[in-house]
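Survey of secondary and tertiary structure
One-letter residues, chain by chain:
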Amino acid sequence: MVDHLANTEINSQRIAAVENCFGASGQPLAVPGRVLLGEGILTKECRKKPKPRIFFLFNDILVYGSIVINKRKYNSQHIIPLEDVTLETLPDTLQMKNRWMIKTSKKSFVVSAASLTERKEWISHLEECIRHLLTKTGRQPSTEHAAPWIPDKATDICMRCTQTKFSTLTRRHHCRKCGFVVCGDCSRQRFLMPRLSPKPLRVCNLCYRQLLNVTCTQAQSDSLEKRPD
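Residues numbered from 1 in each chain as written. Predicted model: local features only at pLDDT ≥ 70, side-chain atom pairs only at ≥ 80, totals over all residues. Heavy atoms only, no water.

So, about the overall build of the protein. Summing up its helical and strand segments, the protein has three helices and eleven strands in all. Across the protein, helices and strands are ordered from the amino to the carboxyl terminus as α-β-β-β-β-β-β-β-α-β-β-β-β-α. Once the C-alpha set of the protein is aligned to its principal axes, its extents read approximately 60 × 55 × 35 Å. Every one of the 229 residues in the protein was classed for burial, and the buried ones make up 39%. (Helix = DSSP H or I, 4+ residues; strand = E, 2+ residues; numbered from the N terminus. Buried < 20%, exposed > 50% of the residue type's maximum accessible area, 1.4 Å probe, protein only.)

What follows is the structure, given as structure tokens:
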């Protein structure tokens, strides 16, 4: 696809420029075989409100971060392996148009482009890179994805009990399993989900019960398999 560009001087210079923009807060991006294909600003649906983020598409990773000074300084760098990515086109909302979801096993989130054409180009390039990478590595497309967090402003009440109203004193929380906005009483439990974090994460009561049932069922199944004939 673009492998012939990997060792060119212009590619090295472009990657170095991205590294310089992130500075010491970012990770090194120059590795053998890596090619920077494109960049652009997309609007990311964040917990509080949609925010502009700079995105860089490489042939094996997707990098994004916060914009401090455009073209000069970025921070909060995130690196996503493309082989872990699947995409889903979403309908427009009143607040955001030309939306799609970037889904991975550790984090899923919604972004929007400035135009429908720009969205089509991003999705086309992403899908081509993913397809090429999976063919090269022999891996299957990812099937497990983290739930995207529902934005805080999407609801004024807990999405589980539907009783508790959020206020300055009553905080919103997010279940790490389903992404729902929930109150403290409906999310007192923590559960270890190694795919997302080495530490137990906050989950809502419903997801906690479901996760426990799955764990117990798996433990029983493992126990039966280990029994001698």
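Having put the structure on the table, let's press on.
Moving on to the pattern of salt bridges. By the definition in use, this model includes ten salt bridges. For the salt bridge of Glu 88 with Lys 103, the shortest nitrogen-to-oxygen distance reads 3.2 Å. Pair noted here: Glu 88 is in strand S5 (residues 86-89) and Lys 103 is in strand S6 (residues 99-103), with a separation of 15 residues, a long-range link. Residue Glu 88 is classed as partly exposed on the basis of its relative accessible area of 33%. According to the relative accessible area criterion, Lys 103 is buried, its value standing at 18%. The closest approach of N and O atoms between Arg 195 and Glu 144, which form a salt bridge, is 3.4 Å. One end of the pair, Arg 195, is in the loop between strand S10 (189-191) and strand S11 (201-203); the other, Glu 144, is in the loop between helix H2 (116-137) and strand S8 (173-174), and 51 residues separate them in sequence. One network of salt bridges, with partners in common, ties together Arg 47, Lys 48 and Asp 152. (Salt bridge = Lys/Arg side-chain N within 4 Å of Asp/Glu carboxyl O.)

As for its position among the elements, Thr 155 is in the loop between H2 and S8. Its relative accessible area of 12% is what places Thr 155 among the buried residues. Discounting chain neighbours no more than four positions away, the residues touching Thr 155 are Phe 166, Arg 172 and Val 181. (Contact = heavy atoms within 4.5 Å.)

Quick look at the UniProt feature "domain: PH" (unreviewed entry) in the protein now. In this numbering, the UniProt entry assigns the feature "domain: PH" (unreviewed entry) to residues 35-131. Overall, residues 35-131 shows 16% helix and 53% strand. The separation of its end C-alpha atoms is 16 Å. (UniProt positions renumbered as here; feature names shortened; annotations may be inferred.)

Where strand S1 (residues 36-45) meets strand S2 (residues 50-58), nine bridges bridge the pair, whose relative direction is antiparallel. Paired with Glu 45 across the two strands is Pro 50, which belongs to S2. Connecting the antiparallel pair S1 and S2 is a turn made up of four residues. (Pairing = 2+ DSSP bridges.)

The backbone of Lys 71 sits at a positive phi, close to 70°, despite the residue not being glycine. Of the residues examined, Lys 71 reaches a relative accessible area of 56% and is grouped as exposed. With a phi close to 55°, Thr 162 is a non-glycine residue in the positive phi region. Residue position: Thr 162 is located in the loop between H2 and S8.

Below, the discussion takes up H2. Over its 22 residues, H2 extends 32 Å from the first C-alpha to the last, a length consistent with the 32 Å expected when each residue adds 1.5 Å. Within H2, burial applies to Arg 119, Trp 122, Ile 123, Leu 126, Cys 129, Ile 130, Leu 133 and Leu 134. Around the axis of H2, the buried residues are gathered within 135° of arc, so they sit on the same side. Across from the buried face of H2, at angles greater than 90 degrees, the exposed residues are Thr 117, Lys 120, Arg 131, Thr 135 and Lys 136. At the C-terminal side of H2, Gly 138 shows a positive phi close to 80°. (Expected span 1.5 Å × (residues − 1). Arc of directions from axis to C-beta.)

When the UniProt feature table is mapped onto this chain numbering, "domain: FYVE-type" (unreviewed entry) sits at residues 152-212. Strand forms 16% of residues 152-212 and helix 13%; the C-alpha atoms that close the span are 27 Å apart.

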